[in-house]
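These are the residues of each chain, in order.
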Amino acid sequence: MAMKHLYILRHGKSSWASEGQQDADRPLTPRGTATAVHMGAECARRGWQPALALVSTAQRTRQTFAAFAAELARAGCDVPAMQFLPALYLATPEGVLAEVARHGGDADAILVIGHNPGLHELALWLARGGTAAAQARLATGFPSGTLVRAEIETGTWTGLAAVPARVSDVIWAKELDQS
């Protein structure tokens with residue numbers, strides 16, 4: 001059976017600085033941008049190469065992708081093809097999986113950049129077949145900038161809810177910000 005990789009990245013820390021600002025228009029804070037850079041560097045260091053990035057249309061997710069991708073490029077890695085998808089804005093786990101199935105094509109590795117609570121719920125669902133350590137870590141939360149790597153035993157992105165998956169890695173931003 002073929003193996004696909006799904007990377008789930010919650011956007012970096014965002015700002016509520018502007019009164020009356022719409023949620024979708026909130027930008028990253030400097031810390032949020034730094035987190036995205038650190039996650040891009042960590043993926044490059046580990047050799048994780050998503051072929052496709054599916055990104056919510058919110059300002060903070062777009063900025064997260066830009067900083068992440070710039071760091072991949074700086075490290076000499078390929079930058080994934082990217083699609084901004086309105087359906088990923090505050091999507092449920094089922095909504096995220098539907099967008100992955102709809103847009104995944106023949107990519108072997110996809111990065112999804114989105115929001116809580118949907119991404120956290122999706123990570124918890126994927127972790128059911130993962131290590132006890134990954135399950136325990138995800139049970140404590142899914143803070144801004146968290147990156148999850150899941151391995152999915154499938155040859156296609158359709159029907160993800162019915163195929164074996166396991167979370168192999170959970171990386172919190174605070175772990176990388178201190179490096």
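Owing to the predicted nature of the structure, the values given are computational and were not obtained by experimental measurement.

> Explain the overall build of the protein chain to me, please; I cannot follow it from the model alone.
Regarding its fold elements, the protein chain presents six helices and six strands. Relative to a compact globule of 179 residues, whose C-alpha radius of gyration would be 16 Å, the protein chain shows 15 Å and is just as compact. Counting only C-alpha atoms and orienting by the principal axes, one finds that the protein chain spans roughly 50 × 30 × 30 Å. By residue count, 50% of the 179 residues in the protein chain fall in the buried class. Residue pairs at least 24 apart in sequence account for 77% of intrachain contacts in the protein chain once pairs closer than 6 positions are excluded. Total accessible area on the protein chain is roughly 7,900 Å²; 53% of this is exposed by carbon and sulfur atoms. Charge centroids of the protein chain, computed over 16 positive and 16 negative side chains, lie 4 Å from each other.

> So what exactly am I meant to see when it comes to helix H2 (residues 59–74) here?
In an α-helix, one turn spans 3.6 residues; hence positions three or four apart end up facing the same way. Across its 16 residues, H2 extends 23 Å between first and last C-alpha, which sits within 8% of the 22 Å expected from 1.5 Å per residue. Taken together, the buried positions of H2 are occupied by Arg60, Thr61, Thr64, Phe65, Ala67, Phe68, Ala69, Glu71 and Leu72. Backbone geometry just after H2 places glycine 76 at a positive phi near 85°.

> What is the right way to read the pattern of salt bridges from this model?
It is possible for side chains of opposite charge to pair when their charged atoms get near one another. A complete count under the given rule lists 12 salt bridges for this structure. Note that aspartate 23 is salt-bridged to arginine 60, the shortest N-O span being 3.0 Å. On the criterion of sequence distance, the pair formed by aspartate 23 in the loop between strand E1 (3–10) and helix H1 (30–46) and arginine 60 in helix H2 is long-range, its members being 37 residues apart. A relative accessible area of 21% means that aspartate 23 is categorised as partly exposed. A relative accessible area of 2% places arginine 60 in the buried class. Notably, a salt bridge pairs arginine 45 with glutamate 42, separated by 2.6 Å at the nearest N-O pair.

> Would you explain the packing of H1 against H2 in this entry?
Packed helices, taken two at a time, are described by the angle between their axes plus the distance between the axes. At a minimum axis separation of 7 Å, H1 and H2 run at an interaxial angle of 40°. As far as their axial angle goes, H2 and H1 are oblique. For the element pair H1 and H2, the recorded crossing hand is right-handed. Counted together, Thr33, Ala36, Val37, Met39, Gly40, Ala41, Cys43 and Ala44 of H1 and Thr64, Ala67, Phe68, Glu71 and Leu72 of H2 form the full contact between these two elements. Split into classes, the residues belonging to the contact of H1 with H2 amount to nine nonpolar, three polar and one charged.

> Please explain the pairing of strand E3 (residues 81–85) as it appears in this structure.
In regular strands, side chains alternate between the two faces of the sheet. Bridge count for strand E2 (residues 52–56) against E3 is five bridges, and the pairing is parallel. The partner of valine 55 across the bridge, within E3, is phenylalanine 84. Once you follow E2 into H2 and on to E3, the crossover reads as right-handed.

> Is there a simple way to explain the sheet that holds strand E6 (residues 165–171) in this structure?
In a beta sheet, neighbouring strands are held together by backbone hydrogen bonds and run either parallel or antiparallel to one another. Spatially, E3-E2-E4-E1-E5-E6 is the arrangement adopted by the six strands of the open sheet, whose pairing is mixed. Both outer strands of the open sheet, E3 and E6, are each paired with one neighbouring strand and no more. Between one strand and the next, the sheet's axes are offset by a mean angle of 20°, whatever the strand orientation. Together, E1, strand E4 (109–114), strand E5 (147–153) and E6 form the strand contacts of helix H4 (residues 118–127), whose direction differs from that of E1 by roughly 145°. Here helix H5 (residues 132–139) sits on the sheet in contact with E5 and E6, set at roughly 60° to E6.

Analysis parameters
Residues numbered from 1 in each chain as written. Predicted model: local features only at pLDDT ≥ 70, side-chain atom pairs only at ≥ 80, totals over all residues. Heavy atoms only, no water. Helix = DSSP H or I, 4+ residues; strand = E, 2+ residues; numbered from the N terminus. Rg over C-alpha atoms; globule rule 2.2 N^0.38 Å. Buried < 20%, exposed > 50% of the residue type's maximum accessible area, 1.4 Å probe, protein only. Contact = heavy atoms within 4.5 Å. Areas by Shrake-Rupley, 256 points an atom, 1.4 Å probe, with all protein chains shown as cover. Lys, Arg positive; Asp, Glu negative; His and termini not counted. Charge placed at Lys NZ, Arg CZ, Asp CG, Glu CD. Expected span 1.5 Å × (residues − 1). Salt bridge = Lys/Arg side-chain N within 4 Å of Asp/Glu carboxyl O. Axes fitted to C-alpha atoms, helices over the stretch in contact; angles between N-to-C directions. Parallel < 35°, antiparallel > 145°, perpendicular 65-115°, else oblique. Left-handed = near helix turned anticlockwise from the far one by under 90°. Nonpolar A, V, L, I, M, F, W, Y, C, P; charged D, E, K, R; others polar. Pairing = 2+ DSSP bridges. Right-handed = clockwise from strand over helix to strand, strands pointing away.

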